[in-house]
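What follows is the residue order along each chain.
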Amino acid sequence: MASNTEEAPIRLSDALPESKLGTKAHWDEVYERELNNWKDHGDEGEVWFGEEAVDRMVSYLEQAIEDGTIDLETVSSDEHAILDLGMGNGHLLFALHESSDVEVPPTSMLGIDYSPASVSLAKRIGKEKGEEAEEVRFEQADLLDDDVVERLAGANRWAIVCDKGTMDAIALSSQLIRGRLPVDLYTRAVAKLTRPGGIFLITSCNFTKDELIRRFTEGDDRRPNWVIHDYYLLQAQAMNQKRARKSPNLAMEHHAAVESHRMTPYFVNMASEVA
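Note that the coordinates shown come from a computational prediction; the quantities given were computed from them, not determined experimentally.

(A) Focus on helix α5 (residues 116-129). Compared with the 20 Å implied by 1.5 Å per residue over 14 residues, the 20 Å span of α5 between its first and last C-alpha is a close match. The complete set of buried residues in α5 reads Ala117, Ser118, Val119, Leu121, Ala122, Ile125 and Gly126. A positive phi of about 65° marks Gly130, the residue just after α5.

What follows is the structure, given as structure tokens:
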């Protein structure tokens, strides 16, 4: 159960327009459908934001390892190496596992999602892939639950924390939880999960670079010592063409969220380090 501590309310003007994409019920339905598609057709499901976003995140971490920003020897021996927030079908973690430069044991990678069908899908895909991919860990967890976040953080917290669209979805709900917007609880969770000296890597389509920086560096729950390493603007694609042909309604739905909430054709990819 989440903590019942009362906290000061956040201005509703800080919230994005309400959308069903910000509800657990929506994502439960999406991943139930994806899971059934996998069972029936072997389709691994959607790569949210497309392969380019995944490639950028993997490439960033590979480069950070090469130039010494990330100490691979230390990270690879750490059971809290890589945490993927809202992992969906697990595609990002599988891509990192398959990278010859990111030599992190699969058991040191954890993907979390609040949809049980997402967890089932990722585990099934990992088992199908083999090559130790089935050892990548996935579990159902709610980032907006303080007790869950404390458990996930453990004593040492995580060396690398990744988000590819999860904050965007959470920001589409303005239903207060303990007097706080869900997106603000998310921001606080990231600060608690990322260790000092760790890397937080995020891809977003609902926030600009400057908005992301402000969100993670300003306010009582944020960390003013986040250091912005790099960012990229990625040409927006609601989803890859193969999936758009198979699920046109889902493609339109996701594209509508991008267009109506930010009216921007770009994704921002930003890496931060806690000093």
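(B) Highlighting the pairing of strand β2 (residues 109-113). With five of five residues buried, β2 lies mostly within the body of the structure. Burial along β2 is two-sided: Met109, Gly111 and Asp113 and Leu110 and Ile112, pointing in opposite directions, are all buried. Note that strand β1 (residues 82-85) and β2 share four bridges and pair parallel. Bridge assignment links Leu83 to a residue of β2, and that residue is Leu110.

(C) Layout of the side chain of His97. Relative to the assigned elements, His97 resides in helix α4 (residues 91-98). Only 2.8 Å separates the side chain of His97 from the backbone oxygen of Glu131, close enough to count as a polar contact. Those residues in contact with His97 that sit more than four places away from it in its chain are Pro106, Met109, Glu131, Glu132, Ala133 and Val136.

(D) Broad picture of the pattern of salt bridges. Applying the stated criterion across every chain yields a total of seven salt bridges. Between Asp146 and Arg178 there is a salt bridge, and its shortest N-O distance comes to 3.4 Å. Remark: Arg178 occurs in the loop between α7 (166-170) and α8 (182-193) and Asp146 occurs in helix α6 (residues 146-153); sequence separation between them is 32 residues. When sorted by exposure, Asp146 lands in the same class as Arg178, which is buried. Across the pair Asp184 and Arg215 runs a salt bridge, and its minimum N-O distance is 3.0 Å. Within this pair, whereas Asp184 is found in helix α8, its partner Arg215 is found in helix α9 (residues 209-217), the two being separated by 31 residues in sequence. It is possible to trace a salt-bridge network through shared partners that takes in Asp146, Arg178 and Arg188.

(E) View of the environment of Met87. Within the secondary structure, Met87 sits in the loop between β1 and α4. Met87 sits 24 residues away from Gly111 along the chain, and the two C-alpha atoms are 5.3 Å apart. Those residues in contact with Met87 that lie beyond four places of it in its chain are Gly111, Ile112, Asp113, Ser118, Val119, Ala122 and Phe138.

(F) Looking closely at empty space enclosed by the protein. Counted by the stated rule, this structure contains one cavity of 30 Å³ or more. Put simply, the largest cavity is a space of about 50 Å³. As for the largest cavity, its lining consists of Leu143, Leu144, Asp145, Asp146, Val149, Leu185, Arg188, Ala189 and Lys192. Elements supplying a minimum of two residues to the lining of the largest cavity: α6 and α8. It is α8 that contributes the most residues to the lining of the largest cavity, four residues altogether. A per-class count over the lining of the largest cavity returns five nonpolar, no polar and four charged.

(G) Structural context of unusual backbone geometry. Not every positive phi belongs to a glycine, and Glu131 is a case in point at roughly 50°. For Glu131, the position within the fold is in the loop between α5 and β3 (137-140). Classification of Glu131 as exposed rests on a relative accessible area of 71%. A positive phi angle, close to 70°, is found at Glu132, a residue other than glycine. For Glu132, the position within the fold is in the loop between α5 and β3. Glu132 gets classed as partly exposed once you look at its relative accessible area, which sits at 44%.

(H) Spatial organisation of the confidence of the model for the protein. In the predicted model, the protein carries a mean pLDDT of 75, and the fraction of residues at 70 or more is 68%. Here residues 1-13 is a poorly scored stretch, pLDDT under 50, and it has 25 contacts once near neighbours within four places are set aside; other chains count. Counting interchain partners and residues more than four positions distant, the pLDDT-below-50 stretch residues 236-267 has 62 contacts.

(I) Structural view of the packing of aromatic side chains. According to the stated counting rule, one finds three aromatic pairs in the structure shown. When the centroid spacing of 5.0 Å and the interplanar angle of 55° are considered together, the rings of Phe200 and Phe216 count as tilted. With Phe200 in strand β5 (residues 194-204) and Phe216 in helix α9, this pair connects stretches of sequence that are 16 residues apart. Each member of the aromatic cluster is reached from another via a ring pair, and the members are Tyr186, Phe200 and Phe216.

Rules and cut-offs
- Residues numbered from 1 in each chain as written.
- Predicted model: local features only at pLDDT ≥ 70, side-chain atom pairs only at ≥ 80, totals over all residues.
- Heavy atoms only, no water.
- Helix = DSSP H or I, 4+ residues; strand = E, 2+ residues; numbered from the N terminus.
- Expected span 1.5 Å × (residues − 1).
- Buried < 20%, exposed > 50% of the residue type's maximum accessible area, 1.4 Å probe, protein only.
- Pairing = 2+ DSSP bridges.
- Polar contact = N/O pair within 3.5 Å; in protein donor to acceptor, adjacent residues only side chain to side chain.
- Contact = heavy atoms within 4.5 Å.
- Salt bridge = Lys/Arg side-chain N within 4 Å of Asp/Glu carboxyl O.
- 1 Å grid on protein atoms, 1.4 Å probe; cavity = no way out; pocket = protein on both sides within 12 Å on 5 of 7 lines; lining within 4 Å.
- Points joined across faces, edges and corners; volume = space filled by probe spheres on them.
- Nonpolar A, V, L, I, M, F, W, Y, C, P; charged D, E, K, R; others polar.
- pLDDT = per-residue confidence, 0-100.
- Phe/Tyr/Trp six-rings, centres within 6.5 Å; stacked < 30°, edge-to-face > 60°.

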